[in-house]
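Spelled out, the chains give:
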Protein chains: 2
Amino acid sequence: MKVSELSDLSGLPVQTIKYYIREGLLPKGAATAATRAEYDDRHLERLRLIKALREVGDLPIASVKRIVTAVDDDSVGLHDLLGTVQYALGPRTEPHAEDSGWQAARQDVDAIVAELRWRVLPDAPTRDMLAQAFLALRRLGLPIVLTQLRPYIEAAILIAEHEVGAVSVEGERGKTVQTAVATNVLYEQVLIALRRMAQEDVSARRFGEAADSGEPPHGAGGP
Amino acid sequence: MKVSELSDLSGLPVQTIKYYIREGLLPKGAATAATRAEYDDRHLERLRLIKALREVGDLPIASVKRIVTAVDDDSVGLHDLLGTVQYALGPRTEPHAEDSGWQAARQDVDAIVAELRWRVLPDAPTRDMLAQAFLALRRLGLPIVLTQLRPYIEAAILIAEHEVGAVSVEGERGKTVQTAVATNVLYEQVLIALRRMAQEDVSARRFGEAADSGEPPHGAGGP
DNA sequence: GAGCATTGGATAGCGATAGTATCCAGCAAG
DNA sequence: CTTGCTGGATACTATCGCTATCCAATGCTC
């Protein structure tokens with residue numbers, strides 16, 4: 001297919017597609033002449049993945065590139081791919097290690113991981129991410145108690161087990177891998193949205209007086 | 001205290017503090033002369049909150065502003081504050097409603113919320129957020145099954161109940177409110193980090209190095 | 001096979017975001 | 001009285017993620 005068709009089918013401007021090719025997110029089309037190239041379904045699928053990672057996952061271009069590079073690399077196994085994705089998602093703001101409070105927070109994290117006997121690499125970005133949150137909470141005068149943390153840990157385990165269990169290793173690698181990436185990034189958004197909704201619900205029952213005690217208004221739908 | 005002290009204590013450059021004041025994130029110091037102003041602990045605390053929301057929550061300045069404005073407004077109750085925070089967090093990428101697939105995704109979301117009898121406002125941004133994820137999943141050929149969703153819903157409820165239960169309504173409003181905001185934004189990061197860690201753990205056990213059969217991962221791991 | 005639209009490839013520009021840097025003048029304390 | 005730190009204003013910068021423009025070579029239509 002032509003680039004204009006690719007554009008129509010993906011919903012992305014031709015210029016953006018060109019940009020993605022320049023950035024190495026999308027392979028070039030098969031050149032049929034100096035000013036002509038042929039694109040196929042793989043391009044379209046890749047474009048859809050990029051779109052999902054950008055629009056839903058809100059990943060920067062550089063992160064998307066790292067992910068698709070790993071997806072395309074047949075020598076990368078499923079578990080390593082997960083690692084790549086998590087590095088790409090990483091903590092958006094890098095911590096600076098000279099901070100004394102940082103060291104403490106990071107040690108708290110390491111202690112928790114050790115106690116849970118989780119197989120998490122020592123330099124996994126998730127450790128930094130968690131430590132950063134701990135540090136911020138401490139600085140705000142909200143110390144982390146393990147009992148406070150328990151429900152989060154249980155929820156995390158519940159979900160992770162479900163997710164990894166849902167990955168089917170059958171079929172061709174490309175499909176499996178794309179599914180794994182999408183699950184990781186998109187269901188994270190699903191989880192976040194559901195948590196916020198549940199929060200609103202529980203909060204409404206507890207503090208909300210404005211909402212009538214009856215059912216949520218049915219007909220009041222709309223934007 | 002002087003602005004330079006505030007800078008030292010908060011770890012933010014003086015120029016950045018000035019910038020935050022310009023943007024309305026931080027109130028001006030009490031002017032003692034034309035070129036002198038006095039800052040107090042409230043300024044420091046606010047700065048720490050801003051820092052946490054920016055660095056951990058990764059919120060744009062405009063969102064932080066909306067949040068602190070609500071925090072400062074005594075007429076805003078706890079539940080409404082939550083709403084403000086959720087609007088500020090919102091879906092980063094706005095959906096365009098003309099898409100036909102969007103309508104369907106959004107209806108799926110509304111149906112789920114209705115079935116769960118959750119008290120979520122009809123125009124809550126979380127609905128759009130979830131619909132966006134649904135739409136992206138569908139476009140990638142990964143339809144959403146309710147059984148797939150169950151663990152997420154259960155986890156969300158588990159966490160939300162724990163969180164809202166932890167909010168103490170006693171004490172002065174300022175503290176309560178700051179705690180509520182911090183809980184919302186920072187523990188979201190905690191949850192995300194924990195989920196990713198748990199994923200790595202489960203994945204390591206399943207696909208990790210000690211792989212027995214199937215495809216041995218070619219150690220070309222992280223970046 | 002003439003003519004017009006479309007492409008690939010390259011380069012330049014743009015708008016938003018989040019700060020930095022500079023300048024100026026008024027104080028403040030030694 | 002001098003030194004150096006403010007507050008306030010304005011200007012500049014860097015990064016990101018696209019857009020826009022240009023050009024020459026095609027392809028497609030008639």
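Scroll up a little and you will see the structure.
From a predicted model like this one, the values you see are computed outputs, not experimental measurements.

About the thresholds
- Residues numbered from 1 in each chain as written.
- Chains lettered and ligands numbered in written order.
- Predicted model: local features only at pLDDT ≥ 70, side-chain atom pairs only at ≥ 80, totals over all residues.
- Heavy atoms only, no water.
- Near = heavy atom within 4 Å.
- Polar contact = N/O pair within 3.5 Å; in protein donor to acceptor, adjacent residues only side chain to side chain.
- Helix = DSSP H or I, 4+ residues; strand = E, 2+ residues; numbered from the N terminus.
- Contact = heavy atoms within 4.5 Å.
- Buried area = accessible area lost by both parts, 1.4 Å probe.
- Salt bridge = Lys/Arg side-chain N within 4 Å of Asp/Glu carboxyl O.
- Nonpolar A, V, L, I, M, F, W, Y, C, P; charged D, E, K, R; others polar.
- Least-squares fit on C-alpha atoms with pLDDT ≥ 70 in both.
- Phe/Tyr/Trp six-rings, centres within 6.5 Å; stacked < 30°, edge-to-face > 60°.
- Buried < 20%, exposed > 50% of the residue type's maximum accessible area, 1.4 Å probe, protein only.
- Expected span 1.5 Å × (residues − 1).
- Pairing = 2+ DSSP bridges.
- Core = buried A, V, L, I, M, F, W, Y, C linked by side-chain atoms within 4.5 Å.
- Domains from an automatic or database assignment.

(A) Structural detail: the protein's contact with DNA strand D. Close contacts around DNA strand D come from 24 residues, with A34, T35, R54 and P60 of chain A together with S4 of chain B the closest. T16 of chain A places a polar side-chain atom, nitrogen or oxygen, 3.3 Å from a phosphate oxygen of DNA strand D. Ranked by the residues each element gives to the surface near DNA strand D, the list is headed by helix α2 (residues 14–22) of chain A, at 5 residues.

(B) Focus on the interface of chain B and chain A. Across the contact, 99 residues belong to chain B and 103 residues belong to chain A. Buried surface at the junction of chain B and chain A, summed over both partners, amounts to about 9,700 Å²; 67% is from carbon and sulfur atoms. Counting the surface chain B buries against chain A, the share from its top three residues, R119, Y152 and R196 of chain B, is 10%. Taken together, the connections running from chain B to chain A amount to 8 salt bridges.

(C) Spatial organisation of the protein's contact with DNA strand C. In the vicinity of DNA strand C, 23 residues are found, and the nearest of them are S4 and K18 of chain A together with R22, R54 and P60 of chain B. Within 4 Å of the protein, the atoms of DNA strand C are drawn from sugar and phosphate moieties in a proportion of 60%. Measuring from a base nitrogen of DNA strand C, one finds a side-chain N or O atom of K18 of chain A at 3.0 Å. Take R36 of chain A: an N or O atom from its side chain is 3.4 Å from a base oxygen of DNA strand C. The set of elements that each furnish at least two residues to the surface near DNA strand C consists of α1 (3–10), α2 and β2 (36–38) of chain A together with α2 (14–23) of chain B. Taken together, the residues of the surface near DNA strand C break down into 10 nonpolar, 5 polar and 8 charged.

(D) Up close: the relation of the copies chain B and chain A. Mapping chain B onto chain A is achieved by rotating through 180° and translating by 0.0 Å along the same axis, at an RMSD of 0.1 Å. What we have between these two chains is a two-fold relation. Considering only C-alpha atoms, the residue of chain B closest to the rotation axis is A155 of chain B, which sits at 2.5 Å. In this assembly, 93% of the residues forming the interface of chain B have copies in chain A that are likewise at the interface, indicating an isologous arrangement.

(E) Focus on the packing of aromatic side chains. One pass over the full model with this rule turns up 4 aromatic pairs over all chains. Their ring planes at 40° and their centres at 5.8 Å tell us that Y19 of chain A and Y20 of chain A sit as a pair that is tilted. You can call Y19 of chain A partly exposed: its relative accessible area is 30%. Consider the rings of Y187 of chain A and Y152 of chain B, whose centres lie 5.1 Å apart with planes at 20°: the pair is stacked. With Y187 of chain A in helix α9 (residues 173–207) and Y152 of chain B in helix α8 (residues 146–166), the pair connects residues from two separate chains. Accessibility classification places Y187 of chain A together with Y152 of chain B in one group, the buried group.

(F) Representation of helix α7 (residues 125–139) of chain B in the model. Residues and elements named next belong to chain B. Between its first and last C-alpha atoms α7 spans 21 Å; for 15 residues at 1.5 Å apiece the expected length is 21 Å, and the two agree. Burial runs high along α7: 13 of the 15 residues are buried. Of the residues one or two after α7, G141 is the one with positive phi, at around 75°.

(G) Expanded view of the pattern of salt bridges. Applying the stated criterion across every chain, the model contains 24 salt bridges over all chains. Across the pair E188 of chain B and R196 of chain A runs a salt bridge whose closest N-O atoms are separated by 2.7 Å. Residue E188 of chain B is found in helix α9 (residues 173–207), and its partner R196 of chain A is found in helix α9; the two belong to separate chains. Two residues, D201 of chain B and R205 of chain B, come together in a salt bridge whose shortest N-O distance is 3.2 Å. Linking D201 of chain B with R205 of chain B, this pair stays in helix α9, spanning 4 residues, or about one helical turn. Judged by its relative accessible area of 6%, D201 of chain B is buried. Its relative accessible area of 48% is what places R205 of chain B among the partly exposed residues. Taken together, the salt bridges that share partners define one network made up of R106, D110, R127 and D128 of chain A.

(H) Representation of helix α8 (residues 146–166) of chain A. Along its 21 residues, α8 of chain A runs 29 Å from first to last C-alpha, staying within 8% of the 30 Å computed at 1.5 Å per residue. Of the positions making up α8 of chain A, those classed as buried are L149, P151, Y152, I153, A155, A156, I159, A160, E163 and V164 of chain A. Looking at the packing, one finds that the buried side of α8 of chain A touches α6 (100–116), α7 (125–139) and α9 of chain A together with α8 and α9 of chain B.

(I) Expanded view of the environment of I157 of chain B. Mapped onto the elements, I157 of chain B comes out in helix α8. In this structure I157 of chain B comes out as partly exposed when scored by relative accessible area, which is 28%. The residues touching I157 of chain B, leaving out its near neighbours within four places in the chain, are A198 of chain A together with W118 of chain B.

(J) The pairing of strand β1 (residues 30–33) of chain B, seen in detail. All names here are of chain B. Sheet topology places β1 next to strand β2 (residues 36–38); 3 bridges connect them, and they run antiparallel. In the sheet register, A30 faces β2, and the bridge partner there is E38. Between β1 and the antiparallel strand that follows it, β2, lie 2 residues.

(K) Inspection of the nonpolar core at higher detail. In this structure, L186, V190 and L194 of chain A together with L186, V190 and L194 of chain B are the most contacted members of the largest nonpolar core, which totals 142 residues. The greatest single-element share of this core, amounting to 16 residues, is contributed by α9 of chain B. Inspection of this core shows a minimum of three residues originating in each of domain 1 (1–55) and domain 2 (90–143) of chain A. Excluding anything up to four places from it in sequence, L194 of chain A contacts W118, L130, Y152, I153 and A156 of chain B.

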